[in-house]
Amino acid sequence: MKEIRIGIIGAGTMGGVHASCYQEIPEVQVAAICEFEPGEGRELAQKTGAKLYSSVDALIEDPAVEVVDICTPTHLHAQHVLQAAAAGKHVICEKPLARNLSEAEKMIETCDKVGVKLFVGHVVRFFPEYTLARRILESGRIGKPAVIRTSRNGSFPRGKQNWFGNRQLSLGPIGDLLIHDFDFLRWCFGEVERVYAKTLHSEQLPDLDYALVTLRFRRGPLAHCEGSWAHAPGTFFVRFEIAASDGLIEYDSRKNIPITLTQRKPIDGTTPRVAIPESPLTESPYTTELRHFILCLTQGTEPLVTAYDALKALEIALAALDSAKTGKPVELKED
Amino acid sequence: MVKIGIMSFAHIHAYSYAPALKKLQDVEFIGIADEDPKRGGKVAQELAVNYFTDYRALLDQDLDAVVVCSENVRHREMVVAAAERGVHVLCEKPIATTLADAEEMISACQRNGIKLGIAFPCRYGAASKRLKNLLDQGAVGEVLAIMATNHGKMPGGWFVDKQLAGGGAVMDHTVYVVDLLRWMLKQEVTRVYAEMDTLMHPIEVEDCGLLTLEMEKGSFATLDASWSRPKSYPTWGDVTMEIVGTQGILSFDLFAQTLSVYGDVDNQVAWENWGDNLDLEMLRDFAQRIANDQPLWITGEDGMKALEVALAAYESYKLHQPVTLPISRNL
């Protein structure tokens, strides 16, 4: 019998990624998968040997499930976390933690009160290119940080019932993409003082969005974050640049990449692809993240990224959304 | 033959303009003026041109035009002097450090029937023209947003003296990209928000700045104007743009045409540019228009519009609020 039994809610992209990662972790067994769409999730359940549910209640109440991993659309996170906590189950929740701060606070309080752990999937803290940059910064090798630029660019995401397209549900590229960078930046540079943001989102362009956000950190540094749902289908890349008093770090996932496949003709009969870049690692950062969460759970230690961190990243995202809406800078309150 | 001189070698770009003027066949490089005899004498000797310590003495020569490369705050004095002598001017950017100075320069030139051009070489060269051409063809549809950078290394000298430069990185690096935006989009900037600070160098002016600009027709742009390239960076800096349109994305890197050179002899990694010589193309166009008595492509008004955005950025940072253009002439 494996030590930790997980139930995954949502068999979409992230649910699939997490399920594969858990198979790499010997102490973990995917006991159950819940997918509301009839017919979906069957393959994943078969692959992992998990029981397939179509009801969240049933999965959460399954006594075989000790930890609930929530990979549902953002607007369902709060409801599912609260349900899992009420059943005394530990929770791993995809980012963003919630759609607003009151939801996020309630989720954190509830989990605290009932004594279950709440881990949030801010996976960028487990990506080696980001952690290496942070270590170099901490070592003092490039001096004092000054201007940081980040990019996280892809095509418009296609979710079920186009839930990404509904900004109330997904929070757009600021809440869905840039929240990763906000968390990483806050991890490196501390609390944010002021936010100014612009987005493209408009009624006329329902399937196009692009955000440029300026952050001022209390400790001084400035940051500029680019987040795109406007790039061509099949595109996804990230980059960052950390300029400091005595040096600079730059990274571009399109350049710093070991494998790019370009096929003259499609070999498997599918549509020809332009180029398929791959940056394989012996352990995927998602596996590193989930392995870490499981370790924290079994050893009772604090995770590298806490639910409070997730709330603070959400706070920055909400300030950016607010700024984009009002056209004014938003000052964040000091804790 | 167009007879041209250079007034002041305070601005480092003069060291690029001078050999370009020498190269141009239809230009007669009359001489240079520089108040620093050591600097000016050396340059004049190397270029084998006449040298004057007093710029008025240069203006007394038989001249069609001068290129003004003084400290920013002294542009007004020199441009007005040239205008009053009936000499056309190409003035280094930014046009001036205040709108009042810029206005005075423009009106002095108008009054005397003198052409006033501003040195924005970024518009020249095939890459910029191709970019504009693609946008005009609608290659990315309607432009919605632009993310731009104009990074550099901290230049030191008078560039970090507020009295002489009028500001730091934001004064130095805002105007190039603003001029490109105005030219490419055929729109004015309507609103400016800025964050800036001195975070990298022990200097009195800001060394970093992040601007957010709104354009007339509703699109927006950000510009990183920071002097954030460290000394060890393989090149001086960059001018880049990511242009997001309704139909696609256009990426622009004006100085991407380089070789990466790893040299153990000087223990240095360098990106050596083999793209168009923008300064040469700019001066060629300027000289031709002077020779043919045509209006200049980039005028004092263009310089003033770009300066206004930089000044609005300072005002915005002071207020921590976006600033709507036009701004007060007193800023």
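Residues numbered from 1 in each chain as written. Chains lettered and ligands numbered in written order. Predicted model: local features only at pLDDT ≥ 70, side-chain atom pairs only at ≥ 80, totals over all residues.

Trainee: Mind showing me how you'd approach the nonpolar core here?
Mentor: Here is a general trend for soluble globular proteins: nonpolar side chains tend to be buried in one another's company. Counting residues in each nonpolar core, the largest one holds 214 residues, and the members touching the most others are V91, L118 and A317 of chain A together with V66 and V89 of chain B. No other element matches helix 10 (residues 307–326) of chain A, which puts eleven residues into this core. If we skip the residues at most four places from it in the chain, L118 of chain A touches V81, V91, C93, M107, I108, C111 and A307 of chain A. (Core = buried A, V, L, I, M, F, W, Y, C linked by C-beta atoms within 7 Å. Buried ≥ 20, exposed ≤ 12 C-beta atoms within 10 Å, placed from the backbone. Helix = DSSP H or I, 4+ residues; strand = E, 2+ residues; numbered from the N terminus. Contact = placed C-beta atoms within 7 Å.)

Trainee: Please clarify how the pairing of strand 8 (residues 189–197) of chain B should be interpreted in this entry.
Mentor: Residues and elements named next belong to chain B. Most of strand 8 sits out of view: seven of its nine residues are buried. Sheet topology note: the strand 8/strand 15 (residues 323–324) ladder contains two bridges and is antiparallel. Note that in strand 15 the partner of R191 across the bridge is T324. (Pairing = 2+ DSSP bridges.)

Trainee: Explanation requested: the domain arrangement of chain B in the structure shown.
Mentor: Many analyses report the size of an interface as the accessible area lost when the parts associate. All names here are of chain B. With domains assigned, chain B is organised as domain 1 (2–119) and domain 2 (125–276 + 308–324). Computed over C-alpha atoms, the centres of domain 1 and domain 2 are 25 Å apart. Counting residues at the interface gives eight residues for domain 1, matched by eleven residues for domain 2. Here the residues of the side of domain 1 that touches domain 2 are counted per class, giving four nonpolar, two polar and two charged. (Domains from an automatic or database assignment. Nonpolar A, V, L, I, M, F, W, Y, C, P; charged D, E, K, R; others polar.)

Trainee: What is the right way to look at the environment of V49 of chain B in this model?
Mentor: All names here are of chain B. As for its position among the elements, V49 is in the loop between helix 2 (37–47) and strand 3 (50–52). The exposure class of V49 is partly exposed, given the 18 C-beta atoms found within 10 Å. Taking C-alpha positions, V49 is 4.9 Å from G31, a pair spaced 18 residues apart along the chain. Ignoring any residue separated from it by four or fewer positions in sequence, one finds V49 in contact with F29, G31, I32 and A44.

Trainee: Honestly, the interface of chain A and chain B in this entry has me stumped. Any pointers?
Mentor: In this complex, chain A contributes 29 residues to the contact, which on the side of chain B involves 26 residues. Looking at which element gives the most residues to the side of chain A that touches chain B, the answer is strand 9 (residues 209–217) of chain A, with four residues. Partitioned by chemical class, the residues of the side of chain A that touches chain B number 14 nonpolar, seven polar and eight charged.

Trainee: Explain the domain arrangement of chain A here, please?
Mentor: Residue and element names in this part refer to chain A. Domain boundaries assigned for chain A yield domain 1 (4–121) and domain 2 (124–283 + 306–331). The gap between the C-alpha centroids of domain 1 and domain 2 is 25 Å. Counting from both sides, the interface comprises 17 residues of domain 1 and, opposite them, 17 residues of domain 2. Where the side of domain 1 that touches domain 2 is concerned, the elements lending two or more residues are helix 5 (101–114) and strand 6 (118–121). When its residues are assigned to classes, the side of domain 1 that touches domain 2 shows nine nonpolar, four polar and four charged.

Trainee: Looking at this structure, I do not really get the sheet that holds strand 3 of chain B. What am I missing?
Mentor: Strand pairing in a sheet is mediated by backbone hydrogen bonds. Such pairs are either parallel or antiparallel. All names here are of chain B. Spatially, the six strands line up as an open sheet ordered 3-2-1-4-5-6, and their pairing is parallel. Looking at the sheet topology across the chains shown, the edges are occupied by strand 3 and strand 6 (116–119). Across this sheet, the average inter-strand angle for adjacent strands is 25°, counted without regard to direction. (Axes fitted to C-alpha atoms, helices over the stretch in contact; angles between N-to-C directions.)

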